[in-house]
Amino acid sequence: MVTWCRPGDTLTHQPLYLQRLSLLLLLLLLPGPPPTPGMEDAAFPHLGESSQPPPRACPPRCSCPRADTVDCNGLDLQVFPDNITRAAQHLSLQNNQLQELPYNELSRLRSLRTLNLHNNLISSEGLPDEAFESLTQLQHIYVAHNKLSVAPQFLPRSLRVADLAANQVTEIFPLTFGEKPALRSVYLHNNQLSNAGLPPDAFHGSEAVATLSLSSNRLSYLPPSLPPSLERLHLQNNLISKVPRGALSRQTHLRELYLQHNQLTDSGLDATTFSKLRHLEYLDLSHNQLASVPAGLPRTLAVLHLGRNRIRWVEAARLRGARGLRYLLLQHNQLGAEGLPAGALRPLRGLHTLHLYGNGLHRVPPALPRRLRALVLPHNHVTTLGARDLAGLRGLAELNLAYNRLVSARVHRRAFRPLRALRSLDLAGNQLTRLPGGLPGSLRTLRLQRNQLRALEPELLAGLDQLRELSLAHNRLRIGDIGPGTWHELQALQVRDGLGGRTVPRQPWSHVLSAWGWDASHLGSALSSAHRGSLCS
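Keep in mind that this is a model prediction, so the values were computed, not measured.

### Regarding the overall build of the protein chain
Moving on, step 1. The number of helices and strands found in the protein chain is seven helices and 20 strands.
Moving on, step 2. Burial statistics for the protein chain: of 537 residues in total, 47% are counted as buried.
Moving on, step 3. Contacts in the protein chain between residues far apart in sequence, at least 24 positions, make up 48% of those at least 6 positions apart.
Moving on, step 4. Accessible area for the protein chain stands at about 26,900 Å²; split by element, carbon and sulfur atoms hold 50% of it.

Below you can see the structure in the form of structure tokens.
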């Protein structure tokens, strides 16, 4: 029989096993000793604490959307943040006012893959030579729009993209971009590099570079020893007067070459300059001092830009190799009456667009490629269009003869009839006194502003049921000169305001008058109501 404690019993009067049980319960209820620092069990939360992990450290005012990303863009920082997590892989510090990079802070960020320092005030003096030595994982570095006078002497071997554009760089070093097997893109445009600042081994050991931008520098000739892997090479806006023989002989993968706005002359190129570029598709030689089309153009070339040179004559033999050419741009040269002799462009069977703006041609060049789709000839001296001048261009979709010297008497009534696919015809700024005859029914845009038109005959517009845009501003048309029923066939017509560029619906007729800058009072009281009705038909 168990006897429990009665009121007034002490612990010593209780049986032994009850004494031990009471003592155990008392010990369990007493508070324990304070924990020893550093001995907490991190695996289990303490009473009253959250089970969520503590927040990640992030520099003040910056954002850290992921554990590996620190974004301090546009905070006007003048000092490099000193509490960036070592786990950071992507660090953005662009658009601040940093003047230097402290080696101690940068060197501990060994996991960095992307470092963006775009648009700061960093000078070469504020960039230690060993600044990037520890960043062995770095793949993308952006230091454009700073104040560097020389490039970093060393960039990590792991690099893929390097952007040092828009600084004041006058010199790069062998290990700036050399010995980088993964390097794909280098941007050095808008600096002050001369040929003396580019070492001959600048890209030694970097055999994967596909894009190199050296535009807007002070180069006087095309640099030698460029990476053979190049696909895009930007050299525009320099002082280049010569491409040394063999300078491009190894760049067989090159697809785009930009040499516009230089000082190239015929003597600065030879027949082998471009001949080895078996994959070249785009070549821009505009804004130079060339007097002839370069020789040795590759068969793969699709776009040849020769605008704003001094070319007087196009020799068929120079284009014979470029049989794949699709776009030939020769605007603003010195091509005269004999500048494009018959058959000069005949080898270019696949030519799509021929741009001849601003030359001195007296007629449409004869024997143009039959597959031509766009012929752009404004601001020349063309005075005549014969019945056969456009006969071979049945696929032509755009013809621009604006601002020439065409007069109606010298435009044959069948000149445009062969152009069954023509959609846009621009005859603005000539001396036409009447609409040309034989306009194809495929036309959608007809521009005749700034001529001397005195009449619109319905029969000359008949069949233009696809015409949507007709520009007639700044002519000598009067309301009485527009024949009854002129607009009857033009069901799709919209009249374009030649001044403001606005599109005005076909009806009512008062809107059309407004588009031409006419007032209804110009109709005059002499017009009968019946005549007015015919104008709106």
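### Describing the nonpolar core
Moving on, step 1. Core analysis: the biggest nonpolar cluster contains 126 residues, and Leu-375 and Phe-416 have the highest contact counts within it.
Moving on, step 2. Those residues within four positions of Phe-416 in sequence are excluded, and the remaining contacts are Leu-385, Leu-390, Leu-399, Val-411, Leu-425, Leu-427, Pro-436, Gly-437, Gly-438, Leu-439 and Pro-440.

### A short note on the side chain of Gln-449
Moving on, step 1. Among the secondary structure elements, Gln-449 is positioned in the loop between β17 (445-447) and α5 (458-461).
Moving on, step 2. Among all residues touching Gln-449, those that are not within four sequence positions of it are Ala-428, Gly-429, Ser-471, Leu-472, Ala-473 and Asn-475.

### So, the pattern of salt bridges
Moving on, step 1. Taken as a whole and judged by the stated rule, the model has eight salt bridges.
Moving on, step 2. Asp-68 serves as the salt-bridge partner of Arg-66, at 3.3 Å between the closest nitrogen and oxygen.
Moving on, step 3. Under the relative-accessibility criterion, Arg-66 is labelled partly exposed at 48%.
Moving on, step 4. A salt bridge links Glu-231 to Arg-255; the shortest N-O distance between them is 3.6 Å. Of this pair, Glu-231 sits in the loop between β7 (211-213) and β8 (232-234) while Arg-255 sits in the loop between β8 and β9 (256-258), placing them 24 residues apart in sequence.
Moving on, step 5. Judged by relative accessible area, Arg-255 falls into the partly exposed class, the value being 29%.

### Notes on the state of the cysteines
Moving on, step 1. If you walk through the whole model with that rule in mind, you get two disulfides.
Moving on, step 2. Note on cysteine connectivity: Cys-58 is disulfide-linked to Cys-64, with sulfurs 2.0 Å apart. The sign of the 85 degrees torsion about the S-S bond sets the Cys-58-Cys-64 disulfide as right-handed.
Moving on, step 3. Sulfur-sulfur distance for the disulfide between Cys-62 and Cys-72 comes to 2.1 Å. On the sign convention where negative is left-handed, the bridge of Cys-62 and Cys-72, at about 110 degrees about the S-S bond, is right-handed. Separated by ten residues along the polypeptide, Cys-62 in the loop between α1 (16-29) and β1 (69-71) and Cys-72 in the loop between β1 and β2 (90-92) bring together distant segments of the chain.
Moving on, step 4. The buried category is assigned to Cys-62, whose relative accessible area is 14%.
Moving on, step 5. The connectivity of the disulfide-linked cysteines in the protein chain, indexed sequentially, is 1-3, 2-4.

### Some thoughts on the packing of aromatic side chains
Moving on, step 1. A full pass over the atoms with the stated rule returns two aromatic pairs.
Moving on, step 2. For the ring pair Phe-177 and Phe-203, a centre distance of 6.0 Å and an interplane angle of 10 degrees mean the geometry is stacked. Note that Phe-177 is positioned in helix α3 (residues 174-177) and Phe-203 in the loop between β6 (185-187) and β7, a separation of 26 residues in sequence. Across the pair, Phe-203 and Phe-177 agree in class, each one buried.
Moving on, step 3. Considering the side-chain rings of Tyr-258 and Tyr-282, the 5.2 Å spacing of their centres and the 35 degrees angle between planes classify their relative orientation as tilted. Within this pair, whereas Tyr-258 is found in strand β9, its partner Tyr-282 is found in strand β10 (residues 282-284), the two being separated by 24 residues in sequence.
Moving on, step 4. The ring of Phe-154 has Lys-180 sitting right over it, with the charged end atom 5.8 Å from the ring centre.

### Details of a positive patch on the surface
Moving on, step 1. On the surface, Arg-299, Arg-320, Arg-323, Arg-349 and Arg-371 cluster together into a positively charged patch.
Moving on, step 2. Relative to the helices and strands, Arg-299 is located in the loop between β10 and β11 (303-305).
Moving on, step 3. Look at Arg-299 and you get exposed, because its relative accessible area is 57%.

### Quick look at unusual backbone geometry
Moving on, step 1. Of note in the backbone geometry, Asp-76 takes a positive phi value of approximately 60 degrees without being a glycine.
Moving on, step 2. Counting through the fold element by element, Asp-76 comes out in the loop between β1 and β2.
Moving on, step 3. Phi at Asn-237 takes a positive value of approximately 60 degrees, unusual for a residue other than glycine.
Moving on, step 4. Structurally, the position occupied by Asn-237 is in the loop between β8 and β9.
Moving on, step 5. Judged by its relative accessible area of 36%, Asn-237 is partly exposed.

### Focus: the environment of Ala-322
Moving on, step 1. Summarising the element assignment, Ala-322 is placed in the loop between α4 (316-319) and β12 (327-329).
Moving on, step 2. Excluding residues within four positions of it along the chain, Ala-322 makes contact with Leu-297, Pro-298, Arg-299 and Leu-348.

### Some points on the environment of Val-314
Moving on, step 1. Summarising the element assignment, Val-314 is placed in the loop between β11 and α4.
Moving on, step 2. When its relative accessible area of 1% is taken as the criterion, Val-314 is described as buried.
Moving on, step 3. In this structure, Val-314 is in contact with Val-293, Leu-319, Leu-330, Leu-335, Gly-339, Leu-340, Pro-341, Ala-344 and Leu-345, ignoring residues within four places of it in sequence.

Basis of the calculations
- By convention here, each chain's residues receive numbers from 1 onward along its written sequence.
- Selection of residues for local features in this predicted model requires a pLDDT of at least 70, selection of side-chain atom pairs for listing and counting requires 80 or more, and totals for whole chains, interfaces and linings are taken over all residues.
- For the side-chain quantities, the full set of heavy atoms in the structure was used; hydrogens and water were omitted.
- We count a stretch as a helix when DSSP gives it H or I for four or more residues in a row; a strand needs E for two or more, and each element gets its number in order from the N terminus.
- Working definition: with a 1.4 Å probe on protein chains only, accessible area under 20% of the residue-type maximum means buried, over 50% means exposed, and in between means partly exposed.
- Pairs of residues are marked as contacts when any of their non-hydrogen atoms sit within 4.5 Å.
- We get accessible surface area from the Shrake-Rupley algorithm with a probe of 1.4 Å; when it comes to residues, only the shown protein chains can shield them.
- What we call a nonpolar core is a set of buried Ala, Val, Leu, Ile, Met, Phe, Trp, Tyr and Cys residues that are connected through their side-chain atoms within 4.5 Å.
- For this document, the term salt bridge refers to a Lys or Arg side-chain nitrogen within 4 Å of an Asp or Glu carboxyl oxygen.
- The definition used for a disulfide is geometric: two cysteine sulfur atoms within 2.5 Å.
- Any two rings among Phe, Tyr and Trp, with Trp reduced to its six-membered ring, count as a pair given centres within 6.5 Å; such a pair is stacked if its planes are under 30 degrees apart, edge-to-face if over 60, and tilted if neither.
- Both a distance and an angle decide whether a charge sits over a ring: NZ of Lys or CZ of Arg must be within 6 Å of the ring centre and within 35 degrees of the ring normal.
- Without a salt bridge and with relative accessible area above 30%, a residue can belong to a patch; like charges are then joined within 9 Å and nonpolar side chains (Val, Leu, Ile, Met, Phe, Trp, Tyr) within 5 Å.
- None of His or the chain ends enter the tally, which takes Lys and Arg as positive and Asp and Glu as negative.
- Charged side chains are reduced to one point each, which is NZ for Lys, CZ for Arg, CG for Asp and CD for Glu.

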